[in-house]
Structure formats: structure tokens, C-alpha cells
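Below are the chains, spelled out letter by letter.
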Amino acid sequence: MRVGVAREIKNHEYRVGLTPASVRELVAQGHELLVEQSAGLGIGATDADYQSAGARIVPTAAELFATADMIVKVKEPQPAECAMLRPGQILFTYLHLAPDPEQAKALLASGAICVAYETVTAADGSLPLLAPMSEVAGRMSVQAGAHCLEKAQGGRGVLLPGVPGVLPGKVVILGGGVVGSNAALVAAGMGADVTVVDRSPAVLKRVAAQFGTAVKTLHSTREALEAAVCAADLVIGAVLVPGAAAPRLISRELLSRMQPGSVIVDVAIDQGGCCETSHATTHAEPTYVVNDVVHYCVANMPGAVARTSTYALNAATLPFALALAGKGWKQALKDDVHLRHGLNVCEGKLTCKEVADALVLPYTAAESVLQ
């Protein structure tokens, strides 16, 4: 198969879909690799590195999209990229379609086969291609929040670990999944006063077993969540409903009761955000203020640490890329139900129920397009 690696064009996105090492693995399997010029510079990988791995450098995105059978990316295709997709072409990347009807319409119109990293599953029900970036985003969320709490950034002027004689800052993490656990790891390591809020007793038991007394756990009821959020210096939104829009846990009214200068880092922003006042921001302009609360809602947080993120992501995505290229999309999805769950759009049909429900569009089961 002719596999194309596109240069990311989203604001301050420095990751790349395949590393030179991953390219070499695909080349060894007999595939032709095309890499857009300068695609890997954000992780320190030069065009010469890709050529040494066996790839051919393509000067423009237009040529890459026109030539490749499968496009491998990191972030969702931007409008100009959607316009270059063609019927029968495979797109393998993050999509996050539930809060993005315009992208969904463009992908449906393209006729392409779009497999989303974030809905590929594992045997235990986890999301193995989302997990690496959730780990990165969870850890980054605390350092981003700590920075936003500085007075010069609009925050309360609170140092999360405190100092002798001064209490540490209060960090409330909404959701104890991969993002939440990694946020708790960093926040507790800094010495902050950390509480993880979740509605699952099993998740709370796991968090308690992992962190012991270093992290408090709180069962999520409306009353408990509101009290925790109102007392917090830093709130990290780490809730996830796979494929679907994130639940709005913080209303505008609740926001109005938060402490002036407190900070929300909404890691759920890729799926629409868990705060009613959240909207996606970029690394160029990461924050805004509503009701004296600083909002950090960067939709591609791991892009800031592109090298770490790309290598972590490739370790998870490469086996699936090899399967799609080696077997073709239809056979690969027939053989692997977990990869099949990643199929979001196929030849003009929406094949992820959670996305279809969120966008109120017709749903077609993935199995029916594999006949």
C-alpha cells in the first residue's frame, strides 16, 4: 500500500503521524511510504531521516493526498485537508467528531474511510490509542494549571505545593480515568491537596489503592461536586464518554460561585468540554477568563511536547497501521473487532453510534459496510 504521512497544519501542532522508525517498519513490510516535506521537524526528525528509513519526500500536501492510499496523521483533518480526501482513501488519525458537525459533514462528503484513534478499543474495554495522549495531557494539565494560577496569568497567586506555614493549593480532578490518574500523580507529587471526583466506586477504589492517603477520593453527587469545585484553586476536567460529547459537569451558574482567580483546565475539550463556558483554544492563545475564572482549553495539549507525544503515540498506533496497510481496511476491520470500533466514517456513512447520536445523524453499523 502507498502510505502518506502528512505535515500537521493545526495551530502549534508539532507531532507527526509516523516516526522514521515506524516508517522503516512499514517499508520492511513492502509498503511505499510518502512523507510530506518537513513533516517531522517538530520532533527533530529531518527529511533525510525519513529518506534513510526508506520513504520518499513529497513537496506538497496536495501531491501527498492525491497519491497516497492511506493518510496517517495525528490531529483531525482541517477543512483544506478534508477537501483533498477522496473516495476509497483511508484516513487514520484522531477525529473527535462528536462536537464537530462541520468536520463530520466534510468527511461524509469525501467518501473516505476514516478510522479514529480515540474509539479503537482493547479487550478490557480501554482505549489504547487514546491512552498515551491522555497520559501526556493529564500530566501536562497540572503544570499548565499551576502556571495559570500565577497572579501575572490572571490566577489567584497560589503555589500548589505551598510552603512551610502555608497550606498547599486545592486541586480537584473530575474523573479518575487515564487523564485523571496522571493528573493526580503529578499534583500529588508536587505536594498539592488533591481530590479525585468520580461516580464509579471501582475507579475510586483503584485511585485510593494507587495513591493511598496522598490523594482524596469523592463519590460524585451534584452536592459533592459543587462543594469541591467551589473550594478548589485548580479544577481539571478529565471526564470521558468514549466517542460521545463530554458531559457538562460545571454549569455557568456553578462557575459563578467558584473562587475568583481559580483555574479550570478542561482536558475534555476535544469532546466539547465538561464546562458550559469552555471553548477550544490554542497554544498561541491558551486561556481566557469568564466570571473571574481562568479557562485553559487547548485542544491539542500534547502537541506542546511533540517528541514525547509522537513516540508514545506511535508505540500504540503502529500495529494497527501495519494491519490496515497489510490487509487493506476491509479485511483488517473484519479480523479485529477492536480496530473496527475505530471506524467512524465509511464511504459517506456514519459508523460510530456515539457520534451519530451526538450529531443527530443517521447511523450505519460498521459490520454492514464490511459485507
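Above this text you will find the structure in question.
One structure accompanies this document, and this report is about it. (Residues numbered from 1 in each chain as written. Predicted model: local features only at pLDDT ≥ 70, side-chain atom pairs only at ≥ 80, totals over all residues. Heavy atoms only, no water.)

Comments concerning the pattern of salt bridges
Any two side chains of opposite charge can pair, given that their charged atoms come close. Spelled out, the test is: What counts as a salt bridge is simple: a side-chain nitrogen of Lys or Arg found within 4 Å of a carboxyl oxygen of Asp or Glu. Each helix is a run of H or I in the DSSP string that is no shorter than four residues. Each strand is a run of E no shorter than two, and both are numbered from the N terminus. Accessibility here uses a 1.4 Å probe with only protein chains present; expressed as a share of the type maximum, an area under 20% marks a residue as buried, one over 50% as exposed, and anything in between as partly exposed.
This structure, assessed with the given rule, holds 18 salt bridges. Note that E226 is salt-bridged to R257, the shortest N-O span being 3.4 Å. Here the residue E226 occupies a position in helix α9 (residues 222–231), and R257 occupies one in the loop between α10 (252–255) and β11 (263–266), the gap between them amounting to 31 residues. The class for E226 is partly exposed, based on a relative accessible area of 29%. For D357, the salt bridge is made with K353, and the minimal N-O distance between the two is 2.9 Å.

A few points about the state of the cysteines
This is how the line gets drawn: Pairs of cysteine sulfur atoms within 2.5 Å are what we label disulfides.
All chains considered together, the criterion is met by zero disulfides. Between C275, a cysteine without a disulfide, and C274, which holds the nearest cysteine sulfur, the sulfur-to-sulfur distance is 6.7 Å. For C275, a relative accessible area of 0% corresponds to the buried category.

Here we look at the sheet that holds strand β7 (residues 170–174)
Selection criterion: A pair of strands is labelled paired if DSSP reports no fewer than 2 bridges between them. Helix axes use the C-alpha atoms of the stretch in contact, all axes being lines fitted to C-alpha atoms, and the angles between their N-to-C directions lie in the range 0 to 180 degrees.
In spatial order, the strands read β9-β8-β7-β10-β11-β13-β12; together these seven strands make up an open sheet with mixed pairing. Lying at the two open borders of the sheet, with one neighbouring strand each, are β9 (215–219) and β12 (287–290). Ignoring which end each strand starts from, the neighbouring axes of this sheet average 20° apart. Here strand β10 (residues 234–237) pairs with β11 via four bridges, running parallel.

Focus: helix α1 (residues 20–28)
Using the following cut-off: To be clear, the arc concerns the directions from the helix axis to the C-beta atoms. It only takes one pair of heavy atoms within 4.5 Å for two residues to be counted as in contact.
Residues of α1 that are buried include every one of P20, S22, V23 and L26, and no others. For α1, the buried positions fall inside an angular range of 155° around the axis, keeping them on one side. When the buried face of α1 is taken as reference, the exposed residues oriented beyond 90 degrees from it are R24 and A28. Buried residues in α1 make contact with β2 (32–36), α2 (47–52) and α11 (306–327).

Describing unusual backbone geometry
Glycine aside, the phi torsion of most residues is negative, and most peptide linkages are trans. You will see that D292, though not glycine, has its phi angle at about 65°, which is positive. Secondary-structure assignment places D292 in the loop between β12 and β13 (293–296).

Comments concerning the sheet that holds strand β15 (residues 349–350)
In spatial order, the strands read β3-β2-β1-β4-β5-β6-β14-β15; together these eight strands make up an open sheet with mixed pairing. Of all strands in the sheet, those bounded by a partner on one side alone are β3 (56–58) and β15. In this structure, β2 lies alongside β3, joined through three bridges in parallel fashion. The residue of β3 that forms the bridge with L34 is R56.

Comments concerning the environment of D69
Among the structural elements, D69 can be located in the loop between α3 (61–67) and β4 (70–72). For the pair D69 and A231, spaced 162 residues apart in sequence, the C-alpha to C-alpha distance is 53 Å. Non-local contacts of D69, meaning those with residues more than four positions away in its chain, are made with M1, R2, R86, Q89 and I90.

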